[in-house]
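Summary of the model geometry
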Amino acid sequence: MESILKMYIDGKWTASSSGEFRQVINPANGEVIAVVTEGTAEDVKKAVAAAKRAFYEDGWWDTPAVERARLLFKLADRLEEQAEEFAELEVKDNGKPYREATVDVADAVACFRYYAGLATKPHGQTYEVADPMQSVVVREPIGVCGQIIPWNYPLLMAAWKLAPALAAGNTVVFKPSEITPLSAIKLFEIIEEVGFPPGVANLVLGEGKTVGHEIAVNHDIDKVAFTGGTATGRSIMQAASGNLKKISLELGGKSPNIVFADADFETALDYALFAIFVNQGQVCSAGSRLLLEESIHDEFVEKLVERAKKIKVGPGNDPDTEMGPLISEAHMNKVLNYIKIGQEEGAKLVCGGKRITENGLEKGYFVEPTIFIDTKPDMRIVQEEIFGPVLVVQKFKDEAEAIRLANDTVYGLAGAVFTQDGAKAQRVVRKLRAGITWINTYHPTYNEAPWGGYKQSGIGRELGTFGYEEYTEVKQINTNL
Ligand code: NAD
């Protein structure tokens, strides 16, 4: 077991003033894998003071873009060199299968490289306005950015936050989830090693209601970028209003995956499983509602259940594992409770539904791949984000009903359509009220393309130039030529 008793504040590894510690648990067996220092609001204040000084006095925001790019490229190289260690850490800390963890690390490396490259590309605009004036628009960093992330993709979410903020010239106070802090701590060792100036990137550890809350309310933080649950996002938005911080929120989802009768059956089946069961269903964009056209419903469900029952559930470090444990005992109980609610509401459970306690899995937080059919749109299991391996199937008669059911949600993060009719595919995705859509595939995500949701799935976008611009202010400079 490792003891990590410090946070990275102002270029130094610093113990928390609290003197308290938190145990980090391996969800595959309930064992304590590390003890980390528990930060406080006071620690956040120290980090914010350092970030403010680094931004304004030490002049990080004025650092040439090429220098910021150099540091980010170096960070990406070092991360890539240690890819295996990072993947192993994610498996232990989060529980995900090793294969998936290696993809996360590669995606994180690519994200740092993408934003390192973007830092030096043109971002301004020139307008020819009324003669003899010229108006030039430049983008400048916002200042001190507070960043808070969840536990489902600990390293990748860190990359999505840190890379654009630092590339654009901001300084940051970053908080990983208290449940999965280990890869972020290791990432900050690289940040120190590659030579980011003190105060530019600060790591604070601790829980949401203390450390996270201070990030949201602190008046010296100019922007808060949050990824997590919609309820938390709402409270952060309120807390951030005191100094009218800029905010970006990446929140929950209940995304529809629509399969028409003319879809390629096997392709749709593969992706229906992948959409919900990857990362144990703990994915904001999970295809957690499967909408099936009436004529293929029964056959599709039959094959789906057959395949779901064969998914190999086990610890992430077993190379045969296809689905790992849920993140914690508390979260497992929340998911099991939703399964109970689904049964009480009258939905028909056709696959799974239980905690797995055989074959050495009894100490971990494993839940069977679970599928409900005969659901009604107003059921809680259809409307609420379960964030686990629980798929609800909905039946539709025609295109209009598919669209109506798909959009019958407070969320609007993602959605997919499976059909071999190209025109229908385009028609339907254009009508989905969601920020991320796929046709005949599910889940591919690109650093180049904006990520984020409509409705209560969030505010703003991550990734791509959109994600970079979220970390900039816009200034117009008008010149009398
Ligand atoms: P969560 O909202 O409980 O916690 C997320 C982070 O917020 C953690 O670091 C936590 O410590 C912190 N936090 C909690 N309460 C806070 C408060 N009052 N003030 C400030 N910070 C606070 O979410 P979670 O359980 O860690 O993650 C699951 C949720 O994240 C799901 O709803 C999922 O959909 C969402 N998510 C969204 C995206 C996306 O891109 N849209 C990506 C990943 C996860």
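Residues numbered from 1 in each chain as written. Predicted model: local features only at pLDDT ≥ 70, side-chain atom pairs only at ≥ 80, totals over all residues.

Looking only at helices and strands, the protein features 15 helices and 23 strands. Across its three principal directions, the C-alpha atoms of the protein cover 70 × 65 × 40 Å. A buried classification covers 53% of the 481 residues belonging to the protein. Restricting to contacts in the protein with at least 6 residues of sequence separation, those with at least 24 account for 71%. (Helix = DSSP H or I, 4+ residues; strand = E, 2+ residues; numbered from the N terminus. Buried ≥ 20, exposed ≤ 12 C-beta atoms within 10 Å, placed from the backbone. Contact = placed C-beta atoms within 7 Å.)

Before going further, it helps to spend a moment on the UniProt feature "domain: Aldehyde dehydrogenase" (unreviewed entry) in the protein. Mapped onto the present numbering, the UniProt feature "domain: Aldehyde dehydrogenase" (unreviewed entry) falls at residues 13–477. Overall, residues 13–477 shows 41% helix and 21% strand. The separation of its end C-alpha atoms is 41 Å. (UniProt positions renumbered as here; feature names shortened; annotations may be inferred.)

We now examine the packing of helix H13 (residues 399–406) against helix H14 (residues 422–431). Packing of H13 against H14 brings their axes to within 10 Å, and their N-to-C directions diverge by 30 degrees. Taken together, H13 and H14 sit at an angle that is classed as roughly parallel. Crossing angle aside, the handedness with which H13 passes H14 is right-handed. Packed against H13, whose contacting residues are Glu399, Ala402 and Ile403, the element H14 presents Lys424, Val428 and Lys431 at the interface. Its residues placed into classes, the contact of H13 with H14 shows 3 nonpolar, no polar and 3 charged. (Axes fitted to C-alpha atoms, helices over the stretch in contact; angles between N-to-C directions. Parallel < 35°, antiparallel > 145°, perpendicular 65-115°, else oblique. Left-handed = near helix turned anticlockwise from the far one by under 90°. Nonpolar A, V, L, I, M, F, W, Y, C, P; charged D, E, K, R; others polar.)

With that out of the way, let us pick up the pairing of strand S16 (residues 370–373). Residues Thr370 and Phe372 line one face of S16 and the alternating positions Ile371 and Ile373 line the opposite face, and both faces are buried. Across 3 bridges, the pairing between strand S15 (residues 348–351) and S16 is antiparallel. Bridging from a neighbouring strand, Leu349 pairs with Phe372 of S16. Here 3 bridges tie S16 to strand S17 (residues 390–396), and the two strands are oriented parallel to one another. When the sheet's bridge partners are listed, Phe372 is paired in S17 with Val392. (Pairing = 2+ DSSP bridges.)

Moving on to the sheet that holds strand S20 (residues 436–439). Overall, mixed pairing links the 7 strands, which are arranged S15-S16-S17-S14-S13-S19-S20 in an open sheet. Each of the sheet's edge strands pairs with one partner strand only, and the pair in question is S15 and S20. Ignoring which end each strand starts from, the neighbouring axes of this sheet average 20 degrees apart. Inspection of the sheet shows strand S13 (residues 256–259) paired to strand S14 (residues 289–293) by 4 bridges, in the parallel sense. Within S14, the residue paired with Val259 across the bridge is Leu292.

It is worth spelling out the nonpolar core at this point. Ranked by internal contacts, the top residues of the largest apolar core, which has 150 residues, are Leu72, Phe112, Tyr115, Val173 and Val259. Setting aside chain neighbours within four positions, we find Val173 in contact with Val44, Ala47, Val48, Ala51, Val144, Gly146, Asn202, Val204, Ile215 and Ile221. (Core = buried A, V, L, I, M, F, W, Y, C linked by C-beta atoms within 7 Å.)

What UniProt calls "active site" (unreviewed entry) maps, in this numbering, to Glu250. You can see Glu250 is positioned in strand S12 (residues 246–250). With sequence-adjacent residues up to four places away left out, Glu250 is seen in contact with Thr227, Cys284, Gly452, Gly458 and Glu462.

The next point concerns the site of the ligand. Near the ligand lie 30 residues; those nearest to it are Pro150, Gly208, Gly212, Gly228 and Cys284. Counting only elements with at least two residues in the shell around the ligand, the list comes to helix H7 (208–217) and helix H8 (230–239). The biggest single contributor to the shell around the ligand is H7, with 5 residues. A per-class count over the shell around the ligand returns 10 nonpolar, 14 polar and 6 charged. (Near = placed C-beta within 6 Å.)

So, about the sheet that holds strand S7 (residues 133–141). Hydrogen bonds along the backbone pair up the strands of a sheet, which may run parallel or antiparallel. Strand order in this open sheet of 3 strands is S6-S7-S23, and the pairing throughout is antiparallel. Looking at strand neighbours, the two that pair on one side only are strand S6 (125–128) and strand S23 (472–480), the edges of this open sheet. Adjacent strand axes in the sheet meet at a mean angle of 20 degrees, parallel and antiparallel pairs treated alike. Bridge count between S7 and S23: 9 bridges; the pairing is antiparallel. In the sheet register, Val136 faces S23, and the bridge partner there is Ile477.

Here the protein averages 97 in pLDDT, and 100% of its residues register 70 or above. Scored by ipTM, the complex comes to 0.95, with pTM at 0.97. (pLDDT = per-residue confidence, 0-100.)

To continue, consider the pairing of strand S3 (residues 12–15). Two faces make up the sheet, and in a regular strand the side chains alternate between them. Bridge analysis of strand S2 (residues 6–9) against S3 gives 4 bridges, and the strand direction is antiparallel. Looking across to S3, one finds that Ile9 is bridged to Lys12. Taken together, S2 and the strand that follows it, S3, pair antiparallel across an intervening segment of 2 residues, in which Asp10 is found at a positive phi of about 55 degrees.

Next up on the list: unusual backbone geometry. Here the amide bond leading from Asp131 into Pro132 is cis, since omega sits at 10 degrees, within 30 degrees of zero. Structurally, Pro132 is set in the loop between S6 and S7. In this structure, Leu244 takes a positive phi of about 50 degrees despite not being glycine. By secondary structure assignment, the location of Leu244 is in the loop between H8 and S12. On the neighbour-count criterion, Leu244 (9 C-beta atoms within 10 Å) is exposed. Here the phi dihedral of Asn440 falls at roughly 55 degrees; this positive angle occurs in a residue that is not glycine.

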